[in-house]
Amino acid sequence: MKRSFPYSAVIGGLLVILVITAATLWMSAGARNATDQAVSTVSTFYLEELAGRRSQVVSRFFESQAEQMQRAVDLMDDRVLSSQDALRQYIGRVESLYGLGLFAVVDEDNVVYTKQTTYMGGSRYEFLSGEQAGEVTITTASLYGAGKQICQAVPIRDRTFLGKKLKTCFIEINMEDIVSLLAFDTEDNGTHFSLYYRNGVNLTGLDFGPVGKKSNLLREMRTYLTGDQWTVLSGQFTNEEAGEVHFTHSGNKQILYYSPIPDADWMFTVLIPENLIYDKIAGIKDQT
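If you're wondering where the values come from, they're calculated on a predicted model, not measured in any experiment.

If you tally the helices and strands in the chain, you get six helices and 11 strands. Out of the 288 residues belonging to the chain, those deemed buried represent 42%. The contacts of the chain with a sequence gap of at least 6 include a subset with a gap of at least 24, amounting to 50%. Accessible surface for the chain amounts to roughly 16,100 Å². Of this, 52% is attributable to carbon and sulfur atoms.

This is the structure we're talking about:
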């Protein structure tokens, strides 16, 4: 009995060491899994916050522009609408007062009045179609061979000019102005942003990671996503729903997050390398 004691002690000690080692490995694996989950959670939170704030900035900008146009319409009295010269002078004052590049008024025959000229706008502007003229609209067009322009229109009610009912007024906004509202400092860290139509067409002319500036986002992403992932992405784009997908490009894991811009039929997109956030948490993981 006395001889068996050392063997029992050794075996017991080995069992204790084995249990401690197994527990340590289990806890280490748990820490790694927790870190990966934290990276995913932080990434989603960061992208939601980033996209949400940028979307709100653009939405507030359009709301402000619509309010300014409505005030301009409310101040149109009989004196302003007495002649083309009076209307053009008023349009010029509105542009100067609100800092607008172009402000125009349209009558029921789609005749467009600006501070300098008059022309037919039915074939030039999509929002002048009968289906859209009765509400606030935001559309895009390439005008006069220049870059993409945004046309924001507000309906006009209870106003006539030269015997014709006025139906809407609109402003033209350079796409570059919207891009400047969305821009953020990427610090050359591989983060990209852009604006897309719901069908995947690029509005901004900006490269978006592996997707070229002239490429359709939805078509290009077929290369990097599984069939199920692509179905979710295209469905959420079509329905203007926020979401995210994870994919690998050139051996690097990427996160694509997208969020709708209210009332504009656009999707704001952000592409961020997954390791950008993982590296920030790496020190905490090692300490754990």
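Once that is clear, we can look at the environment of Ala141. Here Ala141 is to be found in strand 4 (residues 137-142). For Ala141, a relative accessible area of 18% corresponds to the buried category. When the C-alpha atoms of Ala141 and Cys151 are compared, they prove to be 7.5 Å apart, with 10 residues separating the residues in sequence.

We now examine the pattern of salt bridges. A complete count under the given rule lists four salt bridges for this structure. Lys115 is the partner of Glu95 in a salt bridge, and the nearest nitrogen-oxygen pair spans 3.2 Å. Here Lys115 lies in the loop between strand 2 (111-113) and strand 3 (118-120) and Glu95 lies in helix 2 (residues 84-98), a separation of 20 residues in the sequence. As a salt-bridge pair, Asp265 and Arg198 come within 2.4 Å of each other at their nearest N and O atoms. Of this pair, Asp265 sits in the loop between strand 10 (252-261) and strand 11 (266-273) while Arg198 sits in the loop between strand 8 (192-197) and helix 4 (217-221), and the two are 67 residues apart along the sequence. With relative accessibility at 32%, the residue Asp265 sits in the partly exposed group.

It is worth spelling out the environment of Tyr196 at this point. Here Tyr196 is to be found in strand 8. Residue class for Tyr196 comes out buried when judged on its relative accessible area of 0%. Expressed as a C-alpha distance, the spacing of Tyr196 and Asn216, which sit 20 residues apart in the sequence, is 8.7 Å. Excluding residues within four positions of it along the chain, Tyr196 makes contact with Val201, Asn202, Leu203, Phe208, Val211, Ser215, Leu217, Phe237, Asp265, Trp266, Met267 and Thr269.

On to the environment of Ser234. Turning to its location among the elements, Ser234 is positioned in helix 5 (residues 227-238). When the C-alpha atoms of Ser234 and Arg222 are compared, they prove to be 9.9 Å apart, with 12 residues separating the residues in sequence.

Attention shifts here to the sheet that holds strand 11. Sheet architecture is open: four strands sit in the order 8-11-10-9, paired in antiparallel fashion. Strands at the two margins of the open sheet, each flanked by one partner only, are strand 8 and strand 9 (243-249). Strand-to-strand twist across the sheet, computed as the mean angle between neighbouring axes with direction ignored, equals 25°. Note that strand 8 and strand 11 share six bridges and pair antiparallel. Bridge pairing in strand 11 links Phe193 to Val270. Each of strand 8 and strand 11 touches helix 3 (residues 175-182); the most contacted strand, strand 8, lies at about 135° to it.

Tracing the sequence through the fold places Asn216 in the loop between strand 8 and helix 4. A distance of 3.1 Å separates a polar side-chain atom of Asn216 from the backbone nitrogen of Arg219. Discounting residues that sit within four places of it in the chain, Asn216 has contacts with Asn199, Gly200 and Val201.

What follows covers helix 5. Under the 1.5 Å per step criterion, the end-to-end length of helix 5 is 16 Å for 12 residues, consistent within 8% with the ideal 16 Å. Listed in full, the buried residues belonging to helix 5 are Trp230, Leu233, Ser234, Gln236 and Phe237. An end-on view of helix 5 places all buried positions within 165° of arc, on one side of the element. Seen from the buried face of helix 5, the exposed residues on the opposite side, beyond 90 degrees, are Gly227, Asp228 and Thr231. On its buried face, helix 5 is in contact with strand 8, helix 4, strand 9, strand 10 and strand 11. Just beyond helix 5, the residue with positive phi is Glu240, at close to 55°.

Calculation criteria
- Residues numbered from 1 in each chain as written.
- Predicted model: local features only at pLDDT ≥ 70, side-chain atom pairs only at ≥ 80, totals over all residues.
- Heavy atoms only, no water.
- Helix = DSSP H or I, 4+ residues; strand = E, 2+ residues; numbered from the N terminus.
- Buried < 20%, exposed > 50% of the residue type's maximum accessible area, 1.4 Å probe, protein only.
- Contact = heavy atoms within 4.5 Å.
- Areas by Shrake-Rupley, 256 points an atom, 1.4 Å probe, with all protein chains shown as cover.
- Salt bridge = Lys/Arg side-chain N within 4 Å of Asp/Glu carboxyl O.
- Pairing = 2+ DSSP bridges.
- Axes fitted to C-alpha atoms, helices over the stretch in contact; angles between N-to-C directions.
- Polar contact = N/O pair within 3.5 Å; in protein donor to acceptor, adjacent residues only side chain to side chain.
- Expected span 1.5 Å × (residues − 1).
- Arc of directions from axis to C-beta.

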